[in-house]
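A closer look at the structure
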2 protein chains.
Amino acid sequence: MNDAAPGLLDRLSLNQQTVRQWSLPELADGCARAGVRGVGLWRAPVREYGVAAAARLLRDAGLRVTSLCRGGFLTAPDPAGRAAALDDNRAAVDEAAALGTDTLVLVAGGLPPGSRDLTGARERVAEALAVLGPYAGQRGVRLALEPLHPMYAADRCVVSTLAQALDLAERFPAGQVGVVVDTYHLWWDDTVGTQIARAGGTGGAGSRIAAFQLADWITPLPEGALLGRGQLGDGAVDLRWFRERVEAAGYRGPVEVEIFHPALWARDGADVLAEVVDRFRTHVA
Amino acid sequence: MNDAAPGLLDRLSLNQQTVRQWSLPELADGCARAGVRGVGLWRAPVREYGVAAAARLLRDAGLRVTSLCRGGFLTAPDPAGRAAALDDNRAAVDEAAALGTDTLVLVAGGLPPGSRDLTGARERVAEALAVLGPYAGQRGVRLALEPLHPMYAADRCVVSTLAQALDLAERFPAGQVGVVVDTYHLWWDDTVGTQIARAGGTGGAGSRIAAFQLADWITPLPEGALLGRGQLGDGAVDLRWFRERVEAAGYRGPVEVEIFHPALWARDGADVLAEVVDRFRTHVA
């Protein structure tokens, strides 16, 4: 039915938060068994396991690390807070490099307590990118600025649209700062197709699309709005449309499934992964 | 300190959902005692009390009805569903006219069950506006299309930004279709200042700004994300910035406070209203 499907399945990557119930060895083993070739990692479980040990484990299982989540939180206005954030982000770059991934996802950070200055917070993100971009570039890592859904603008991420993320990224070389296209955060935006094309640029090294992540949008939102992402196909997002748009923009990189939902974490990890692969075939490929 | 303040307080309107604990007579009495001159109403409590009786009650109390919430929910794809929605919206227009308000707030509606076609849903809203606009215009009522926060795009409102709302409204005469500027829904958008200026046009009869509503953004969001709006000054929104922007765009109409929060409903209504007036002086005027 779809000539792109076999190649696309090879590009499927499982973000470890989708199967939070799995340890890193379980993740490596489970993905290898399922024929999934890539994984997206998070810093906390990797550091707990040991960065070098995690890199070896995944390499030995034949898995590629497609991204590391996450750096960022760059909006602190005080010098000490800013210095601490930059230090932490440099450490994140080093961890990404050690894991062999070229993509460090950055979540900008929210408004500082008591502040209503979105513009100022966004400018501080730009200032931090100017420092971190070269540091990352020298280590073969690209900063992947992720616009988060506007419902997180106050407390998590002052970058809310792909247009905003590109406005920031384009101030820097494409090899240093890219963007994440995540369906969960961007699906509602009637300008997102235009912005994906803008992100692709003329393709190749000039593209800003550093990562492509999938989750579906389901309602009602849970308290706190963090852990309510839907399994592929369960919600409102036209996932295939997004896949076609990023491909039309020249993107040929990993397609990472990143779903946060306690109902998935309560199940057997292998079952969840099998369902992800099945849904990916039906709704994405 | 602020020359605009006295005039602005005269323009303060209390949306009845802010004090849901009040009956309509309590609302009329409470606003009159507090010196508040306008109220925003909702259809369900008005119909329960009786439309004509409500109109008389508020008129006798010297109160102006600044808006009626709400019509809309215009995205049903089936003929029967569309016909029912149009009928219901005509009834809402009639109720608005009977209450003496020129502003009927419309919430577009979400995706139909199982649909992922945002573009199609938005087009059905436009088709309905083409029918309802003239009907409303003939009765001295303007349809005020309200962009809701993107977190409601799936289940409540497929119009998520002021730019989108204006794209729709501008297909119709300004006297028939305007937009609502509600700080709770729009505060995160870095293009909202530009879009408010666009909405104002050259001012006067050509302005699209049919209503200006205030609530603050607080976190964490409650389950369902509906009833977590913040009292003025408690959250992330620069309310004064918004007020200045709509005034710069030529808007001189009511400034309506519409806060949905169970903590406000659990208190004495007069206390809540006194707090609203106090916060309005501090954070808006």
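Basis of the calculations
- Residues numbered from 1 in each chain as written.
- Chains lettered and ligands numbered in written order.
- Predicted model: local features only at pLDDT ≥ 70, side-chain atom pairs only at ≥ 80, totals over all residues.
- Heavy atoms only, no water.
- Helix = DSSP H or I, 4+ residues; strand = E, 2+ residues; numbered from the N terminus.
- Rg over C-alpha atoms; globule rule 2.2 N^0.38 Å.
- Buried < 20%, exposed > 50% of the residue type's maximum accessible area, 1.4 Å probe, protein only.
- Pairing = 2+ DSSP bridges.
- Right-handed = clockwise from strand over helix to strand, strands pointing away.
- Least-squares fit on C-alpha atoms with pLDDT ≥ 70 in both.
- Contact = heavy atoms within 4.5 Å.
- Phe/Tyr/Trp six-rings, centres within 6.5 Å; stacked < 30°, edge-to-face > 60°.
- Lys NZ or Arg CZ within 6 Å of the ring centre and 35° of its normal.
- Salt bridge = Lys/Arg side-chain N within 4 Å of Asp/Glu carboxyl O.
- Axes fitted to C-alpha atoms, helices over the stretch in contact; angles between N-to-C directions.
- Buried area = accessible area lost by both parts, 1.4 Å probe.
- Polar contact = N/O pair within 3.5 Å; in protein donor to acceptor, adjacent residues only side chain to side chain.
- Nonpolar A, V, L, I, M, F, W, Y, C, P; charged D, E, K, R; others polar.
- UniProt positions renumbered as here; feature names shortened; annotations may be inferred.

Examining the overall build of chain A
Across its full length, chain A holds twelve helices and ten strands. Taken over C-alpha atoms, the radius of gyration comes to 18 Å for chain A, in line with the 19 Å a tight globule of 285 residues would show. The C-alpha extent of chain A, read off along each of the three principal axes, is 50 × 45 × 40 Å. Expressed as a percentage of the 285 residues in chain A, the buried residues total 59%.

Some words on the pairing of strand 6 (residues 177-182) of chain A
All names here are of chain A. In terms of residue burial, strand 6 counts as a mostly covered element, since six of its six residues are buried. Note that strand 5 (residues 142-145) and strand 6 share three bridges and pair parallel. Along strand 6, the bridge assignment pairs Ala144 with Gly178. Note on the crossover from strand 5 through helix 7 (residues 162-169) to strand 6: the handedness is right-handed.

Notes on the relation of the copies chain A and chain B
Turning chain A through 180° and shifting it by 0.0 Å along the axis lays it on chain B, with an RMSD of 0.0 Å. In short, the pair behaves as if placed about a two-fold rotation axis. Among all residues of chain A, the one whose C-alpha sits closest to the rotation axis is A:Glu223, at a distance of 1.9 Å. Interface overlap between copies is the fraction of interface residues in one copy that are interface residues in the other; for chain A against chain B it reaches 100%, indicating a shared surface.

Some points on the packing of aromatic side chains
Between two aromatic rings, the relevant description is the distance of the centres plus the angle of the planes. All chains considered together, the criterion is met by eleven aromatic pairs over all chains. Seen in terms of ring centroids, B:Phe212 and B:Tyr251 are 6.4 Å apart; in terms of plane orientation they differ by 75°. Their pairing is edge-to-face. In this pair, B:Phe212 is assigned in strand 7 (residues 209-214) and B:Tyr251 in the loop between helix 10 (239-248) and strand 10 (255-257), connecting sequence segments 39 residues apart. Comparing B:Phe212 with B:Tyr251, the two get one shared label, buried. Taking 5.1 Å as the distance between ring centres and 85° as the angle between the ring planes, the aromatic pair formed by B:Trp241 and B:Phe242 counts as edge-to-face. Since its relative accessible area comes to 31%, B:Trp241 is described here as partly exposed. Cluster of aromatic residues (ring-pair linked, three or more members): A:Tyr184, A:Trp187 and A:Trp217. Directly above the aromatic system of A:Phe260 lies the positively charged group of A:Arg229, at a separation of 4.0 Å from the ring centroid. Just above the ring of B:Trp265 sits the side chain of B:Arg20; from NZ or CZ to the centre is 3.8 Å.

A look at the pattern of salt bridges
Residue and element names in this part refer to chain A. By the definition in use, this model includes 34 salt bridges over all chains. Measuring nitrogen to oxygen at the nearest pair gives 3.7 Å for the salt bridge that ties Asp182 to Arg229. Highlighted residues: Asp182 in strand 6 and Arg229 in strand 9 (residues 229-230), separated in sequence by 47 residues. Note on Asp182: relative accessible area 0%, which makes it buried. The exposure class of Arg229 is buried, given its relative accessible area of 5%.

Digging into the sheet that holds strand 6 (residues 177-182) of chain B
Residue and element names in this part refer to chain B. Spatially, 1-2-3-4-5-6-7-10 is the arrangement adopted by the eight strands of the closed barrel, whose pairing is parallel. Across this sheet, the average inter-strand angle for adjacent strands is 30°, counted without regard to direction. Here helix 2 (residues 24-34) sits on the sheet in contact with strand 1 (12-15) and strand 2 (38-42), set at roughly 165° to strand 2. Strand contacts of helix 7 (residues 162-169): strand 5 (142-145) and strand 6, with the helix running at about 170° to strand 6, the strand carrying the most contacts.

Considering the interface of chain A and chain B
Each partner contributes residues to the interface: chain A has 31 residues there, and chain B has 31 residues. Both sides together, the interface formed by chain A and chain B hides about 2,400 Å², and carbon and sulfur atoms give 62% of it. Linking chain A with chain B are zero salt bridges. Across the contact surface, chain A and chain B share ten residue pairs in polar contact (both at pLDDT 80 or more). For the side of chain A that touches chain B, a count of residues per class yields 15 nonpolar, ten polar and six charged.

With respect to the environment of B:Gly120
Residues and elements named next belong to chain B. With respect to the helices and strands, the residue Gly120 is situated in helix 6 (residues 118-138). The buried category is assigned to Gly120, whose relative accessible area is 16%. Taking C-alpha positions, Gly120 is 26 Å from Thr103, a pair spaced 17 residues apart along the chain.

Section: the UniProt feature "domain: Xylose isomerase-like TIM barrel" (unreviewed entry) in chain A
Under the present numbering, the feature "domain: Xylose isomerase-like TIM barrel" (unreviewed entry) in UniProt falls on residues 31-275 of chain A. Split by type, residues 31-275 of chain A is 43% helix and 17% strand. Its first and last C-alpha atoms lie 13 Å apart.

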